[in-house]
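Coordinates in review
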Amino acid sequence: MKNLRWIALSLLLSGAALAGLLAVTFTPETRAYLGRVSIAAILLALGFQAASCLCRVVRLRVLCRGLGYTVPFPALTLTLFLSLFAGSITPGQVGGEPVRIHRLSLSGLTVGDATTVVVVERVLDLVVFFSLTAAALLSLRHLWGYLAATVLYPVAAFLVLVLTLILLLIILIRHPSFMKRAVGGITTRVLDRCSRSRRWLRFCPGAGDAGSLEARIDHEIEAFAAGFSRFVRGGRRALIGALLVTIFEWISIFSVASALLVALGLPPSLPESFLFQGILQMIADIPLIPGAAGISEIGAATLYRRIVPAYLLGLFVVLWRLILYYSNIPLGLIAGVLAARERSGETGEGDPEPRHTKNL
């Protein structure tokens, strides 16, 4: 029920923003132009989106193999769509990471190793994402004044958030004991609250065995730090492969908007569009509203009005959001149904088939 409320809120905000944008920009010129929209270019945009999803699945598989696990491709595909769905309905897309960690742990990875895979994914994303955005920014110096006046504060907030997370990650890897003390303190307070009030016991599994729970948390933190060190020291081949796949992934994501510009009979404007996509991604990652609904639409309209005529601006933003945002919701719902059938099959008669192997 809570998920339905998040979906409804994000769709309501996004739909209202798109409706308002279309109402302002839809003119007789727009209506006359609808028949000239290139279906082939729209299919190309969908192809770029599909390619980015494929790259993410391949990257997951490469990183899992780097830690010694072989996870079936269908299981990783299900994991991806479930995490994209969770990210689409949570502020700052923060729901995607816990879902991937949970699904990878169900596929046989330890929680520490699953966390390592997800964190390495995010580090690679940041490296490639910032590289592409910075390259586009340096090639478009004439836009610096305009960008400073329009999106300076959201981008600055995103950079502060990223730097804070990177600092915390470095502290965790170099000094796992700090995280043990922090998580242990939180665990102790939660379990103490559970023991004081019986009505909280049903929300606190393992409350009667605080020592074993704390020991497991310590073990997973150590496993995460060890897994990350393994990647840095011995998993360079996996890291290089994952980095190459990540480059293709972000180029595909950023190319969706350029394909849509071509669909509307406009130049692809690759440098400008890549820069705008990078800025919009920064804004979407700030945890404010589920799926950045409303903010993304307004931000896209603000940035792309520099290269898109007013009578096509609303149509462009609608197509862009349909492909990059709305498509994740039905795919995620289908993945949820498949995951529910998978769970029901495992709880039925017979032993479930193993879905992973660990390379020795």
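The rules behind the values
Residues numbered from 1 in each chain as written. Predicted model: local features only at pLDDT ≥ 70, side-chain atom pairs only at ≥ 80, totals over all residues. Heavy atoms only, no water. Helix = DSSP H or I, 4+ residues; strand = E, 2+ residues; numbered from the N terminus. Buried < 20%, exposed > 50% of the residue type's maximum accessible area, 1.4 Å probe, protein only. Contact = heavy atoms within 4.5 Å. Areas by Shrake-Rupley, 256 points an atom, 1.4 Å probe, with all protein chains shown as cover. pLDDT = per-residue confidence, 0-100. Phe/Tyr/Trp six-rings, centres within 6.5 Å; stacked < 30°, edge-to-face > 60°. Expected span 1.5 Å × (residues − 1). Core = buried A, V, L, I, M, F, W, Y, C linked by side-chain atoms within 4.5 Å. Bend = angle between axes of the 7 residues up to and from the residue.

Looking only at helices and strands, the protein has 15 helices and 2 strands in total. Each of the 360 residues in the protein was classed as buried or not, and the buried ones make up 44%. Across the protein, every contact between residues at least 6 apart in sequence was considered, and the portion connecting residues at least 24 apart equals 79%. Accessible surface computed for the protein: about 18500 Å², of which carbon and sulfur atoms make up 68%.

Turning our attention to the confidence of the model for the protein. Across the protein, the average pLDDT comes to 77, with 71% of residues at 70 or higher. Per-residue pLDDT, averaged within each element of the protein, yields its smallest value for strand 2 (residues 357–358) (56) and its largest for helix 3 (residues 39–66) (93). Overall, residues 194–208 carries pLDDT values under 50, and its contacts beyond four positions in sequence, including any with other chains, amount to 9 contacts. Here residues 349–355 scores under 50 on pLDDT; set against residues more than four positions off or in separate chains, the count is 9 contacts.

Our focus in this paragraph is the packing of aromatic side chains. With the rule as written, the count across this model stands at 9 aromatic pairs. Look at Phe 129 and Phe 254: their rings are 6.3 Å apart centre to centre, the planes differ by 70 degrees, and that puts the pair in the edge-to-face class. Here Phe 129, found in helix 6 (residues 111–138), pairs with Phe 254, found in helix 11 (residues 236–263); they are 125 residues apart in sequence, far enough to count as distant. What makes Phe 129 buried here is its relative accessible area of 2%. Ring-pair connections join several aromatic residues into one group, and the members of that group are Phe 129, Phe 130, Trp 250, Phe 254 and Phe 274.

Another aspect to go through is the environment of Thr 115. Looking at where Thr 115 falls in the secondary structure, it is placed in helix 6. Owing to a relative accessible area of 22%, Thr 115 belongs among the partly exposed residues under this scheme.

Moving on: helix 12 (residues 270–285). Taking 1.5 Å of rise per residue, 16 residues should cover 22 Å, and helix 12 covers 22 Å from first to last C-alpha, within 8% of that figure. Within helix 12, 13 of the 16 residues are buried, which leaves it mostly tucked inside the rest of the structure.

Looking at the element boundaries, Ser 10 is found in helix 1 (residues 2–25). According to the relative accessible area criterion, Ser 10 is buried, its value standing at 0%. Considered as a pair, Ser 10 and Thr 90 are 80 residues apart in the sequence and their alpha carbons are 8.4 Å apart.

With that settled, the discussion passes to the nonpolar core. As a rule of thumb, soluble globular proteins bury nonpolar side chains together. Ranked by internal contacts, the top residues of the largest apolar core, which has 55 residues, are Leu 147, Leu 260, Leu 264, Tyr 304, Phe 316 and Trp 320. With 12 residues, the single largest contributor to this core is helix 14 (residues 310–326). When sequence neighbours within four positions are dropped, the list of residues in contact with Leu 264 reads Tyr 33, Val 37, Leu 312, Leu 315, Phe 316 and Leu 319.

With that settled, the discussion passes to the environment of Val 62. Here Val 62 shows up in helix 3. Remark: the alpha-carbon pair of Val 62 and Arg 237, spanning 175 residues in sequence, is separated by 9.3 Å. Among all residues touching Val 62, those that are not within four sequence positions of it are Ala 238, Gly 241 and Ala 242.

Under the 1.5 Å per step criterion, the end-to-end length of helix 11 is 40 Å for 28 residues, consistent within 8% with the ideal 40 Å. Of all the bends in helix 11, the largest measures some 30 degrees and sits at Ser 255. Of the residues flanking the end of helix 11, it is Gly 265, one or two places downstream, whose phi is positive at about 80 degrees.

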